[in-house]
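Reading the structure
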Amino acid sequence: MKNDCVFCAIAAGEIPCFKVYEDELVLAYLDINPFSEGHTLVIPKAHTTGLLDTPEETLAVLLARVKKVAAHLKTALCCDGFHILQNNGAAAGQTVGHIHFHIVPRRNGDPIEFANRPGDMEHLKALATRIGVCR
């Protein structure tokens, strides 16, 4: 891996992922340790650590893509709602030092918990196919 940052390596194509959306600035892909089915990460391709060091222009583009991908997931998964999460620093639960937003699909009656569970790669592959790529 050329990149020290795992998310930069994913954005560069050095590590495979199940893409949900991609353009020249942003990548969205399924989390391999999801909180719920369809849990998706949205990252800028350019490295910044967190909310406070990310340029305003990047945040504006990133949040617009979060909205677009969330709408796509809501339709594709027929979920009732979703959480948008963004952690800053280890004390807040940030485990990768690259700004990212979590889109966590929810259905009525789901317990509200944020516990990563190892994802089944075959299920994630099938889910990515079912969701399709957001346009």
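Residues numbered from 1 in each chain as written. Predicted model: local features only at pLDDT ≥ 70, side-chain atom pairs only at ≥ 80, totals over all residues. Heavy atoms only, no water.

1. What about helix α3 (residues 121-131)?
Our working definition: Per-residue accessibility, obtained with a 1.4 Å probe over protein chains only, is compared with the maximum for each type, and a residue is labelled buried under 20%, exposed over 50%, and partly exposed between these values. Runs of E in the DSSP output that reach at least two residues are strands. Runs of H or I that reach at least four are helices, and both are numbered from the N terminus. What the arc measures is the spread of directions leading from the helix axis to the C-beta atoms. Residues are treated as being in contact if the distance between any of their heavy atoms lies within 4.5 Å.
Taken residue by residue, α3 has L124, L127, A128 and I131 as its buried positions. One face of α3 carries all of its buried residues, which in axial projection span an arc of 105°. Facing away from the buried side of α3 by more than 90 degrees, the exposed set consists of E122 and T129. In the core, the buried residues of α3 are packed alongside β1 (19-22), β2 (26-30) and α2 (56-77). Looking one or two residues past α3, G132 carries a phi angle of roughly 75°, positive in sign.

2. As for α2
Definition in use: Expected helix span is computed as 1.5 Å times (number of residues minus one).
A rise of 1.5 Å per residue sets the reference length of α2, with its 22 residues, at 32 Å; its end C-alpha atoms lie 31 Å apart and thus fit the reference within 8%. Buried residues of α2: L62, R65, V66, V69, A70, H72, L73 and L77, and no others. Axial view of α2: buried residues confined to an arc of 165°, hence all on one face. Exposed residues pointing more than 90 degrees away from the buried face of α2 are listed as E56, E57, K67 and T75. Packed against the buried residues of α2 are β1, β2, β3 (40-44), β4 (81-85), β5 (101-106) and α3.

3. So, the sheet that holds β1
Applied cut-off: When DSSP finds at least two bridges between two strands, those strands are taken to pair. Axis lines are fitted through C-alpha atoms, for helices just across the contact stretch, and the angle between N-to-C directions can take any value from 0 to 180 degrees.
With antiparallel pairing, the five strands of this open sheet are ordered in space as β1-β2-β3-β5-β4. On the outer flanks of this sheet lie β1 and β4, each paired with one strand and no other. Adjacent strand axes in the sheet meet at a mean angle of 15°, parallel and antiparallel pairs treated alike. Here β2 runs beside β3; their pairing, made up of five bridges, is antiparallel. Paired with V26 across the two strands is P44, which belongs to β3. The strands touched by α2 within the sheet are β1, β2, β3, β4 and β5, with β5 carrying the most contacts at an inclination of about 20°.

4. A word on the state of the cysteines
For clarity, the cut-off: Disulfides are defined as cysteine sulfur pairs within 2.5 Å.
Taken as a whole and judged by the stated rule, the model has zero disulfides. With no disulfide partner, C78 has as its closest neighbouring cysteine sulfur the one in C79, 8.1 Å distant. Residue C78 is classed as exposed on the basis of its relative accessible area, which comes to 62%.

5. Details of the nonpolar core
Short version of the rule: Throughout, nonpolar core names a set of buried Ala, Val, Leu, Ile, Met, Phe, Trp, Tyr and Cys residues whose side chains join them through atoms within 4.5 Å.
If you look at the biggest cluster of nonpolar residues, it comprises 21 residues, and the most contacted ones within it are V20, L30, V42, V69, L73, I103 and I131. Put simply, the parts of the chain that give this core at least two residues each are β1, β2, α2, β5 and α3. Core analysis: the second largest hydrophobic core is formed by ten residues, C5, C8, A11 and V96 among them.

6. Structural notes on the packing of α2 against α3
Here is the rule we go by: Reported orientations rely on four angle classes, namely roughly parallel under 35 degrees, roughly antiparallel over 145, roughly perpendicular from 65 to 115, and oblique for the rest. Amino acid classes used here: Ala, Val, Leu, Ile, Met, Phe, Trp, Tyr, Cys and Pro are nonpolar; Asp, Glu, Lys and Arg are charged; the rest, including Gly, are polar.
As a packed pair, α2 and α3 sit with axes 9 Å apart at the nearest point and diverge in direction by 100°. One finds that α2 runs roughly perpendicular with respect to α3. Between α2, through H72, L73, A76 and L77, and α3, the contact on the second element is made entirely by L127, R130 and I131. Across the contact of α2 with α3, the residue classes break down as five nonpolar, one polar and one charged.

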